[in-house]
Structure formats: C-alpha cells, structure tokens
Amino acid sequence: MTKLKNTAVDKKKAMRDSEQRFRHIFEHSPAMAYLTDVDGVILDMNVAGARMLGYDSPEDLIGIKSSLHVYADSHDRELFREIIEQTGSVQDFETRFRRRDGTVIYVRITATIRKNKKGGVAGYEGFVIDVTDRKQAERALQDSEEKYRIVVENSLSAIFIHQGGLFRFVNHRFAEMLG
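Colleague: Kindly report on the packing of aromatic side chains, identifying the contributing residues and their values.
Modeller: When we look at a pair of aromatic rings, we describe it by the centre distance and by the angle of the planes. Inspection of the entire model under this criterion finds six aromatic pairs. The interplanar angle of 70 degrees and the centroid separation of 5.1 Å between the aromatic rings of Y71 and F97 together place this pair among those described as edge-to-face. Here F97 lies in strand 3 (residues 89-98) and Y71 lies in the loop between helix 3 (66-69) and helix 4 (74-87), a separation of 26 residues in the sequence. For Y71, a relative accessible area of 5% gives the class buried. Pairing F160 with F167 gives two aromatic rings, centres 5.6 Å apart and planes at 75 degrees, and the pair type is edge-to-face. The structure contains a cluster of three or more aromatic residues connected by ring pairs, namely F80, F93 and Y124.

What follows is the structure, given as structure tokens:
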C-alpha cells in the first residue's frame, strides 16, 4: 500500500515539475506563445506576445477574439483554421497582425491543435515570430530590382553581360544595334 502511495506522490510531483518547465518555457520564450479556443478567443499568451502586439500585459489580450482584434485580415484566420484542422498543425504560416496602435506587422505562425479529453479539437497553441523586417527587406529588394529592370530595358545604350565567352544578357537596344 505504501508503495502505491509513493508512486501516486511521485506522479503528482513529476506532473508539477513538468508543468513548471512548460510554464517557464511559455513565459520566457522570446517568441509569442499562445493558446486559443476553437473560435480564436485568446486563452493565454506570454509577455513577448503582448509586447509584439503593443500591449502592456498578456491580461489585456485574454478573452479577445483574434480574428477581430489580432489578424489584419480575418480571412487569414479562416485559412489558418482550415489548414490546421486538415493537417493537425501549421508550419510557418505567414500572415499579418494588427498591433494595438493599428500598425500592421508580418508574422510567421507555427501551431498545433489542442485536443480535449474526448479527442476533439479544444483549440490551438503555438508560437509566432515577427518577420516584418525580413518582409520589408524583400520588398525593398523587389523594388530595386524592378527599377533596375526598367532602366536596363528602356536604356538608349546597349547593355550586355558577357561571361565565359558567352553573352549571358543583352537588352533590347543591344539587339537592335546588332540587327
């Protein structure tokens, strides 16, 4: 009987230790960590997530519906939900979030379904990272490449790239000059 009692005590201690480790990771992650119900109502979020969205504390977000107050486009939330319910998880789902002040940030979500005791979907949990800087750099590069392309294509001068004895690129003016 004592051995059974000790086993139950050991299991409870192991469960508490496990929950403490999870809570520590959740609270101290530099990425947003969150839990929502099936409808996207925020049940829990860490401090990093609140800061990412421009809030003072996670408590300011608990109970709000993410499709109305977090996603910049509610259709993205529906797409997220379709994917996660079909596959059980979402890896690197890119979307836009709206911060408290109305500014929009680009984010990448990795999440999974949370199951209830009956095996049904209870909600979702996951991590979100802000990829706004990367998206802005990509856009700046695209803009620069487009400007370069326009200049090269509309130049009155012949422009070419010659490498290894071959023409790798020629603009229209070059082709016109050589007939």
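More follows now that the structure is in view.
Colleague: Hey, could you go over unusual backbone geometry for me, with residue numbers and the actual values?
Modeller: Positive phi outside glycine occurs at D92, with the angle close to 55 degrees. With respect to the secondary-structure elements, D92 resides in strand 3.

Colleague: Provide a residue-level description of a nonpolar patch on the surface, including the pertinent values.
Modeller: The grouping of F160, F167 and V170 at the surface amounts to a nonpolar patch, some 280 Å² of accessible area in total. Along the chain, F167 turns up in strand 7 (residues 166-170). With relative accessibility at 49%, the residue F167 sits in the partly exposed group.

Colleague: Requested: an account of the side chain of N46, with residues and values cited.
Modeller: By secondary structure assignment, the location of N46 is in the loop between strand 2 (42-45) and helix 2 (47-52). On the basis of relative accessibility, which here comes to 2%, the residue N46 falls in the buried class. Leave out the neighbours within four places in its chain, and N46 touches F26, E27, S29, A31, M32, A33 and P58.

Colleague: I'd like a description of the sheet that holds strand 5 (residues 121-130), backed by residues and values.
Modeller: Read from one edge to the other, the open sheet built from five strands follows the order 2-1-5-4-3, with strand pairing classed as antiparallel. Taken across any chain shown, the strands that pair with only one partner, and hence form the sheet edges, are strand 2 and strand 3. On average, each strand axis in the sheet is inclined to that of its neighbour by 30 degrees, with strand direction left out of account. Here strand 3 runs beside strand 4 (residues 104-115); their pairing, made up of eight bridges, is antiparallel. Within strand 4, the position partnered with F93 by the bridge is I109. Sheet contacts for helix 4: strand 1 (32-37), strand 3, strand 4 and strand 5; angle to strand 3, the most-contacted strand, approximately 170 degrees. Along the sheet, helix 5 (residues 132-154) makes contact with strand 3, strand 4 and strand 5, crossing strand 4 at roughly 130 degrees.

Colleague: Break down the pairing of strand 6 (residues 160-163) for me, with residues and values.
Modeller: By the bridge criterion, four bridges tie strand 6 to strand 7 in an arrangement that is antiparallel. Within the sheet, the bridge partner assigned to Q163 lies in strand 7 and is L166. From the end of strand 6 to the start of strand 7, which pair antiparallel, there are two residues, and G164 there has a positive phi angle of about 55 degrees.

Cut-off values and rules
Residues numbered from 1 in each chain as written. Predicted model: local features only at pLDDT ≥ 70, side-chain atom pairs only at ≥ 80, totals over all residues. Heavy atoms only, no water. Phe/Tyr/Trp six-rings, centres within 6.5 Å; stacked < 30°, edge-to-face > 60°. Helix = DSSP H or I, 4+ residues; strand = E, 2+ residues; numbered from the N terminus. Buried < 20%, exposed > 50% of the residue type's maximum accessible area, 1.4 Å probe, protein only. Patch = residues over 30% accessible without salt bridge, like charges linked within 9 Å, V, L, I, M, F, W, Y side chains within 5 Å. Areas by Shrake-Rupley, 256 points an atom, 1.4 Å probe, with all protein chains shown as cover. Salt bridge = Lys/Arg side-chain N within 4 Å of Asp/Glu carboxyl O. Contact = heavy atoms within 4.5 Å. Pairing = 2+ DSSP bridges. Axes fitted to C-alpha atoms, helices over the stretch in contact; angles between N-to-C directions.

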